[in-house]
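# Geometric and topological summary
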Amino acid sequence: MSESRGERSGPFQVGDRVQLTGPKGRMHTITLEPGQVFHSHKGIIAHDEIIGLPDGSVVANQVGIEYLALRPLLSDFVMSMPRGAAIVYPKDAAQILAQADIFPGATVVEAGVGSGALSLWLLRAIGPQGRLHSFERRDDFAGVARGNVATFHGADPENWTITLGDLAEALPEVAPEASVDRVVLDMLAPWECLGAVSTALKPGGVLLCYIATVTQLSRVAEAIRATGEYTEPQSSETMVRGWHVQGLAVRPDHRMIAHTGFLLTARRLAPDTVLPELKRRPSKTEFSDEDVELWTPGALGERQVSDKVLRKRARAADAAAARSREGSGLDDAPTEPPAEAE
């Protein structure tokens, strides 16, 4: 695939997504099309006035109100794209890339794909020489993810596939034994897939689970230990607090991005390897498999999106992808006139 639209630099071109920031910091994202205009309650800006300007320019509407025009960063894009499922926040995506040691050329397995936010980060990290295999149980979520990824790149990445179905059943058909460098699981019950994941991972490969609740964290950690095929699992969470810095007024922001999920990592051992026994203090409490099951109820609180809302978001993702492909000259199919998005 040629240059990704999301990694383009230089003057603005037709089909580029542009982030317009007004005087009060409100952002509007548009896709540049000849002859189109951006409308707001403060006035209009013709797309033709933006096309050809350097990235980071200031443009004014017909009444003189100025907007800063920038190409959205990947973090900007994933926070504003249509969502079928909750996204992985940039702060967690950065830690996933670091803790799982995602490298250029890696073969990575991801499940589930959700809205495609983590897929975008993984595709950037592995580069065109890498391979990303994504798995998703729901066709509607997969459709939103495809649209979002195509919108950002301007085309469907050649090194990315989405497989519909259960990871435990579908992974052996996609990835041969010991052929995968990294596995990232963002799903309700990752412990159900450990058998297939262990077979696909290379010795020394990294398994990372993105987990929402402490009940899931406890259960997947015990399940990983029980396999005897991984190093001792390590868990963490990431919190980001911004700071207000203006002259001598320096203080923490009143709001912060606190808990969004836990990250748990472990590395695949070589076959028939037995870890040295860890010296631990005796446990104060004993537990059984039944206790773990009670601690991890079946209803883990998956947030549901209504079918009506999901269909609307899927249409938005498809329309944005069609405009992006058309701007790249890779899709000659006619599209409806673009609607401006805030």
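A quick note: this is a predicted structure, and the numbers were derived from the prediction, not measured. (Residues numbered from 1 in each chain as written. Predicted model: local features only at pLDDT ≥ 70, side-chain atom pairs only at ≥ 80, totals over all residues. Heavy atoms only, no water.)

Turning our eyes to something else, we now look at the overall build of the protein chain. The secondary structure content of the protein chain amounts to 10 helices and 15 strands. Within the protein chain, the fraction of its 342 residues that count as buried is 44%. If you take every contact in the protein chain between residues at least 6 apart in sequence, the share linking residues at least 24 apart comes to 66%. As displayed, the protein chain has an accessible area near 18100 Å², and 53% of this comes from carbon and sulfur atoms. (Helix = DSSP H or I, 4+ residues; strand = E, 2+ residues; numbered from the N terminus. Buried < 20%, exposed > 50% of the residue type's maximum accessible area, 1.4 Å probe, protein only. Contact = heavy atoms within 4.5 Å. Areas by Shrake-Rupley, 256 points an atom, 1.4 Å probe, with all protein chains shown as cover.)

Let's shift gears to the pairing of strand β1 (residues 17-21). The buried fraction of β1 amounts to five of the five residues, a majority that puts the element mostly inside the structure. With burial as the criterion, each face of β1 is covered, one bearing Arg17, Gln19 and Thr21 and the other bearing Val18 and Leu20. Relative to strand β2 (residues 27-31), β1 is paired through five bridges, and the arrangement is antiparallel. Each bridged residue has a counterpart across the sheet, and for Thr21 the counterpart in β2 is Met27. Sheet topology note: the β1/strand β6 (residues 66-70) ladder contains three bridges and is antiparallel. Residue pairing across strands places Leu20 opposite Ala69, the latter belonging to β6. (Pairing = 2+ DSSP bridges.)

Time to look at the sheet that holds β6. In spatial order, the strands read β2-β1-β6-β5; together these four strands make up an open sheet with antiparallel pairing. Strands at the two margins of the open sheet, each flanked by one partner only, are β2 and β5 (57-60). Across the sheet, the axes of successive neighbouring strands diverge by a mean angle of 35°, strand direction being ignored. Judged from the four bridges that link them, β5 and β6 form a sheet pairing that is antiparallel. Across the sheet, residue Val58 finds its bridge partner in β6, namely Leu68. (Axes fitted to C-alpha atoms, helices over the stretch in contact; angles between N-to-C directions.)

Attention now goes to a nonpolar patch on the surface. A grouping of Val58, Leu68 and Leu70 is seen on the molecular surface, where their side chains present a nonpolar patch of about 220 Å² in accessible area. Assignment of secondary structure puts Leu70 in strand β6. Its relative accessible area of 33% is what places Leu70 among the partly exposed residues. (Patch = residues over 30% accessible without salt bridge, like charges linked within 9 Å, V, L, I, M, F, W, Y side chains within 5 Å. Salt bridge = Lys/Arg side-chain N within 4 Å of Asp/Glu carboxyl O.)

A few words on the packing of aromatic side chains. Counting across every chain of the model gives two aromatic pairs. Pairing Phe38 with Tyr67 gives two aromatic rings, centres 6.0 Å apart and planes at 80°, and the pair type is edge-to-face. Linking Phe38 in strand β3 (residues 37-40) with Tyr67 in strand β6, this pair joins segments that are 29 residues apart in sequence. Centroid distance Phe77 to Phe152: 5.2 Å. Interplanar angle 50°. Geometry classified as tilted. Placement of the pair is Phe77 in helix α2 (residues 74-80) and Phe152 in helix α5 (residues 139-153), with a sequence separation of 75 residues. Note on accessibility: Phe77 and Phe152 belong to one class, buried. The aromatic ring of Phe141 is capped on one face by Arg138, whose charged end is 4.1 Å from the ring centroid. (Phe/Tyr/Trp six-rings, centres within 6.5 Å; stacked < 30°, edge-to-face > 60°. Lys NZ or Arg CZ within 6 Å of the ring centre and 35° of its normal.)

All right, on to helix α3 (residues 90-99) then. For α3, the set of buried residues is Pro90, Lys91, Asp92, Ala93, Ile96 and Leu97. Following α3 by one or two positions, Asp101 adopts a phi angle in the positive range, close to 55°.

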